[in-house]
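# Topology and contacts: notes
Residue strings, one per chain:
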Amino acid sequence: MTKVRIPYLRIRHGRAYWEPNGPMVRKGYACVALGPDGPLAWARAQELTDRYHAAQKTDRGPLYPAGSLGEAFSRFRLTPEWRQRKSLRTREDWERAWRRIDPIFGDVDPRLVRLEDISEFRSKVEQLVSLSEAHRTIKIWRALWKVAAAMGYCDRHADPSLGVRNTSPPPRKGLWREGEVVRLAKAAWRLGYRGLAALIAVAWDTQLSPVDCRNLTLSQRARDDRGTMFVLDRAKTGRAAVGTLTRRSEALLDAYIGDLGYALHQDAPIFRTRGHWRGDGRPWVARPYTKDRLSEDFRAVRIAVFGLNEKRQLADMRRSGAVEAFAGHAEPGIVSAKMANTLSASNQLHKAYVPVDATAVREVDDARLRGRKAMRETGTRTKVGKPPDSGVGK
């Protein structure tokens, strides 16, 4: 095969990709699969490169034909609605879905897209990736269509995806028990994942999502007469949240911070990896947890304690706390206050009459203790097999 030199063109296993570098990705560019290596892929790569160079002259991001869906999205990303009013997590979801939408529909006038096109597109994503990714992609497509309609690119009520059944994946049902979480935290500490051990304890007590736990800082830490808490705005919803800790988790957190060997900046993420080793035997400074690294380390500890067949995730601890609270007869309103979501029937009224404060959150903590006791008495169990007697975490 003839070798060609086109900027950002990469060939892997006989297939071509247009891969932007880091600064380009931060501007909104994404990797584009070009198909089998060959003249057609080279032509497409050259087109994308030329478009990028032209965009650099105008500093407006990727250029798309007038009236196209890509032009509508590019314009939307320049507005305060995108940059200021959408949370970082929401913007990440849109960008993730756009990476799949762009190669197929980015250059297309949205009014020309047919139901058959969307149906085939969704089926391909489900077949090649997953049902969850297909559902997410069509969900973002529908939101983007409304934005494009508001900008005059299409008719709001003529979205072809409305004729496609966007089946959602079944909800996760995994639940953790307190004793299992204790085993995980102990095993993580003994295996050297001390940042993860403290994070597990904090996630269990606070019912915060993994991303919120990863981003906790010392400046968000506070105290009341019952102990330590974290006061923050959730990454996904931006709603105020208070995460309270038990004395046992507080002691583990303090032990971890004291074991770091250096002082943490008040605004630096608390929880860090166990680090890697240099060739000369000196350890690197542990870095703050990223999404992927947290998942990898948690999986390693989970396998060490419960074996390869265990599939529950760190995020399932948030649901587990809610199950305990409802078993303890907690009201939906105060559970919503602790979880900082729209769990209650009327979140607008809830925000007005049940403010997010430590008192409301402590009520959920008390309900969790009552629920935990009730679940033990009734013999409620999670749907997992008996863990192997590995001896780890005992």
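Throughout what follows, the structure given in this document is the object of discussion. Treat the numbers as computed from the prediction; the structure is a model and nothing was measured. (Residues numbered from 1 in each chain as written. Predicted model: local features only at pLDDT ≥ 70, side-chain atom pairs only at ≥ 80, totals over all residues. Heavy atoms only, no water.)

### Considering the sheet that holds strand 6 (residues 240-244)
Strand order in the open sheet made by the three strands is 4-5-6, with antiparallel pairing throughout. Both outer strands of the open sheet, strand 4 (221-224) and strand 6, are each paired with one neighbouring strand and no more. The sheet shows a mean angle of 35 degrees between the axes of neighbouring strands, taken without regard to direction. Bridge count for strand 5 (residues 227-233) against strand 6 is five bridges, and the pairing is antiparallel. Paired with Leu232 across the strands is Ala241, a residue of strand 6. Helix 11 (residues 247-259) contacts strand 4 and strand 5 of the sheet and is inclined by roughly 140 degrees relative to strand 4. (Pairing = 2+ DSSP bridges. Helix = DSSP H or I, 4+ residues; strand = E, 2+ residues; numbered from the N terminus. Axes fitted to C-alpha atoms, helices over the stretch in contact; angles between N-to-C directions. Contact = heavy atoms within 4.5 Å.)

### Description of the pattern of salt bridges
Close approach of charged atoms lets side chains of opposite charge pair. Under the criterion given, the structure shown has 24 salt bridges. The residue Glu178 makes a salt bridge to Arg372 at a minimum N-O spacing of 3.2 Å. Of this pair, Glu178 sits in helix 8 (residues 178-190) while Arg372 sits in helix 16 (residues 358-378); the two residues are 194 residues apart in sequence, bridging distant segments of the chain. In this structure, the salt-bridge partner of Glu324 is Arg372, at a minimum N-O distance of 2.9 Å. In this pair, Glu324 sits in helix 13 (residues 316-327) while Arg372 sits in helix 16, placing the two residues 48 residues apart along the sequence. Across the pair, exposure class does not vary: Glu324 and Arg372 are buried alike. (Salt bridge = Lys/Arg side-chain N within 4 Å of Asp/Glu carboxyl O. Buried < 20%, exposed > 50% of the residue type's maximum accessible area, 1.4 Å probe, protein only.)

### Description of the pairing of strand 5
Taken across its seven residues, strand 5 has five buried, putting it largely inside the fold. Bridging between strand 4 and strand 5 involves four bridges; their strand directions are antiparallel. Looking across to strand 5, one finds that Arg221 is bridged to Phe230.

### What to know about the environment of Lys139
Inspection of the secondary structure puts Lys139 in helix 7 (residues 131-150). In sequence terms Lys139 and Ser168 are 29 residues apart; their C-alpha atoms lie 9.8 Å from each other.

### Quick word on the packing of helix 3 (residues 69-76) against helix 7
Packing of helix 3 against helix 7 brings their axes to within 10 Å, and their N-to-C directions diverge by 80 degrees. Classified by the interaxial angle, the pair formed by helix 3 and helix 7 is roughly perpendicular. Across the interface between the two elements, Leu69, Ala72, Phe73 and Phe76 of helix 3 pack against Trp141, Leu144, Val147 and Ala148 of helix 7. Split into classes, the residues belonging to the contact of helix 3 with helix 7 amount to eight nonpolar, no polar and no charged. (Parallel < 35°, antiparallel > 145°, perpendicular 65-115°, else oblique. Nonpolar A, V, L, I, M, F, W, Y, C, P; charged D, E, K, R; others polar.)

### Digging into helix 13
Taking 1.5 Å per residue, twelve residues should reach 16 Å; helix 13 reaches 17 Å between its end C-alpha atoms and fits that length. Listed in full, the buried residues belonging to helix 13 are Asp316, Met317, Arg318, Ser320, Gly321, Ala322, Glu324 and Ala325. Phi for His329, located one or two positions after helix 13, is positive at around 65 degrees. (Expected span 1.5 Å × (residues − 1).)

### Here's the deal with the side chain of Ser68
Topologically, Ser68 is positioned in the loop between helix 2 (39-58) and helix 3. Reaching out from Ser68, the side chain makes a polar contact with the backbone nitrogen of Glu71 at a distance of 3.2 Å. Setting aside residues no more than four positions away along its own chain, Ser68 makes contact with Gly106, Asp107, Val108, Asp109, Pro110 and Tyr153. (Polar contact = N/O pair within 3.5 Å; in protein donor to acceptor, adjacent residues only side chain to side chain.)

### Topic: the packing of helix 9 (residues 194-206) against helix 11
Closest axis-to-axis distance for the helix 9/helix 11 pair is 9 Å, and the angle between their directions is 155 degrees. Judged by the angle between their axes, helix 9 and helix 11 are roughly antiparallel. The two elements helix 9 and helix 11 cross, and the hand of that crossing is left-handed. Across the interface between the two elements, Arg194, Gly195, Ala197, Ala198, Ala201 and Asp205 from helix 9 touch Ser249, Leu252, Leu253, Tyr256 and Asp259 from helix 11. (Left-handed = near helix turned anticlockwise from the far one by under 90°.)

### With respect to the packing of aromatic side chains
Considering all chains together, one arrives at 14 aromatic pairs under this definition. Residues Tyr8 and Trp18 carry aromatic rings whose centres are separated by 5.9 Å and whose planes lie at 75 degrees to one another, so their mutual orientation is edge-to-face. Of this pair, Tyr8 sits in the segment before strand 1 (9-12) while Trp18 is found in strand 2 (residues 15-18), placing the two residues ten residues apart along the sequence. Since its relative accessible area comes to 17%, Tyr8 is described here as buried. Look at Trp18 and you get buried, because its relative accessible area is 3%. Counting every residue linked through ring pairs, the aromatic cluster contains Tyr64, Phe73, Phe76, Trp82, Trp94 and Trp98. The lysine or arginine in question, Arg274, covers the ring of Tyr193, its NZ or CZ lying 3.9 Å from the ring centre. The side chain of Arg312 reaches across the aromatic face of Phe306, ending 5.7 Å from its centre. (Phe/Tyr/Trp six-rings, centres within 6.5 Å; stacked < 30°, edge-to-face > 60°. Lys NZ or Arg CZ within 6 Å of the ring centre and 35° of its normal.)

### So, the sheet that holds strand 2
Pairing is antiparallel in the open sheet, where three strands are placed in the order 1-2-3. Edge positions in the sheet fall to strand 1 and strand 3 (32-36), since each of these pairs with one other strand and no more. Direction aside, neighbouring strands of the sheet carry axes that sit 25 degrees apart on average. Where strand 1 lies against strand 2, four bridges are found, and the strand directions are antiparallel. Looking at strand 2, one finds that Leu9 is bridged to Trp18.

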